[in-house]
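Residue-level structure breakdown
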Amino acid sequence: MSKRTIFQPETLNYLKPNGFQFNIDALPNVSYFCQSAQIPNLSLSQAFIANPLVDFTVPGTNLTYDELTIKFIVQEDFQNYIELHDWMTGLGFPEERDQYKQLRQTRGGNNKGFSTSGDYSDATLTILDSDLNPNMNITFVDCYPISLQGLEFDISDGNAQYLTAQATFKYTLYKFNN
């Protein structure tokens, strides 16, 4: 009869859903008022192998990262909402090409060449431990906003609730760092 090894985890603390901080370098006001963030889904493609008896799959080579979505409280002077709005407007330049040029100047980029470093910003989701100390950093590389939720003003609700907005970002990949 063989001895059975009993596995005992090192940490018995559970992960809290409200133990996090979100920071995106280009949006300091959005970061401060962030109310929710998520680790997006990650999926791996598969390759199908034909077989005379049963077709089967093997792991593929392409990863697909879902979009990063955050929710934040909107400041009464709209400062954090405008940070995101201006970034998106600069990338999309709906009125004139100079809007993109202005984005590059305000973000420290140059106006010559094809460098798009000013278009992106890294973001970090810091997960806190049970004592609210930083435990894990998840870095989202080369983020840029693709969606900013509109704001609905409604006088019919008697409760004084603060307006929140949702923003969605694309990014290259995310990495875990302790």
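Residues numbered from 1 in each chain as written. Predicted model: local features only at pLDDT ≥ 70, side-chain atom pairs only at ≥ 80, totals over all residues. Heavy atoms only, no water.

As for the overall build of the chain
Within the chain one finds three helices and nine strands. Shown N-terminal to C-terminal, the secondary structure of the chain runs as helices and strands in the order β-α-β-β-β-β-α-α-β-β-β-β. For 178 residues, the compact-globule estimate of 2.2 N^0.38 gives 16 Å, and the chain exceeds it by more than 25% at 22 Å. Seen along its three principal axes, the alpha-carbon backbone of the chain occupies a region of about 75 × 45 × 35 Å. For the chain, the share of sequence-separated contacts (at least 6 apart) that also reach a separation of at least 24 residues comes to 61%. Of the roughly 12,900 Å² that the chain leaves accessible, carbon and sulfur atoms contribute 50%. (Helix = DSSP H or I, 4+ residues; strand = E, 2+ residues; numbered from the N terminus. Rg over C-alpha atoms; globule rule 2.2 N^0.38 Å. Contact = heavy atoms within 4.5 Å. Areas by Shrake-Rupley, 256 points an atom, 1.4 Å probe, with all protein chains shown as cover.)

Considerations on the packing of aromatic side chains
Counted by the stated rule, this structure contains ten aromatic pairs. Where tyrosine 65 meets tyrosine 171, the ring centres are 5.9 Å apart and the plane angle is 65 degrees; that geometry is what we call edge-to-face. With tyrosine 65 in strand β4 (residues 56-65) and tyrosine 171 in the loop between β8 (164-170) and β9 (173-177), the pair connects residues that are 106 residues apart, well separated along the chain. When its relative accessible area of 10% is taken as the criterion, tyrosine 171 is described as buried. Taken together, a centroid distance of 5.9 Å and an interplanar angle of 75 degrees make the contact between tyrosine 174 and phenylalanine 176 edge-to-face. Judged by relative accessible area, tyrosine 174 falls into the buried class, the value being 10%. One aromatic cluster is present, built from ring pairs that chain together Tyr65, Phe140, Tyr171, Tyr174 and Phe176. (Phe/Tyr/Trp six-rings, centres within 6.5 Å; stacked < 30°, edge-to-face > 60°. Buried < 20%, exposed > 50% of the residue type's maximum accessible area, 1.4 Å probe, protein only.)

Comments concerning helix α3 (residues 98-106)
Taken residue by residue, α3 has Gln99, Leu103 and Arg104 as its buried positions. The arc that holds every buried residue of α3, seen down its axis, measures 140 degrees, which confines them to one face. (Arc of directions from axis to C-beta.)

A look at the pattern of salt bridges
Side-chain pairing between opposite charges can occur once the charged atoms of the two side chains come close. Scanning the model with the defined rule gives one salt bridge in all. Notably, a salt bridge pairs glutamate 67 with lysine 170, separated by 3.6 Å at the nearest N-O pair. Of this pair, glutamate 67 sits in the loop between β4 and β5 (68-73) while lysine 170 sits in strand β8; the two residues are 103 residues apart in sequence, bridging distant segments of the chain. A relative accessible area of 34% places glutamate 67 in the partly exposed class. Look at lysine 170 and you get partly exposed, because its relative accessible area is 31%. (Salt bridge = Lys/Arg side-chain N within 4 Å of Asp/Glu carboxyl O.)

Topic: unusual backbone geometry
With phi around 65 degrees, leucine 132 is a residue other than glycine that occupies positive phi space. Position of leucine 132 among the secondary structure elements: in the loop between β6 (121-128) and β7 (134-148). The exposure class assigned to leucine 132 is exposed, which follows from its relative accessible area of 53%. Even without being a glycine, aspartate 142 presents a positive backbone phi close to 55 degrees.

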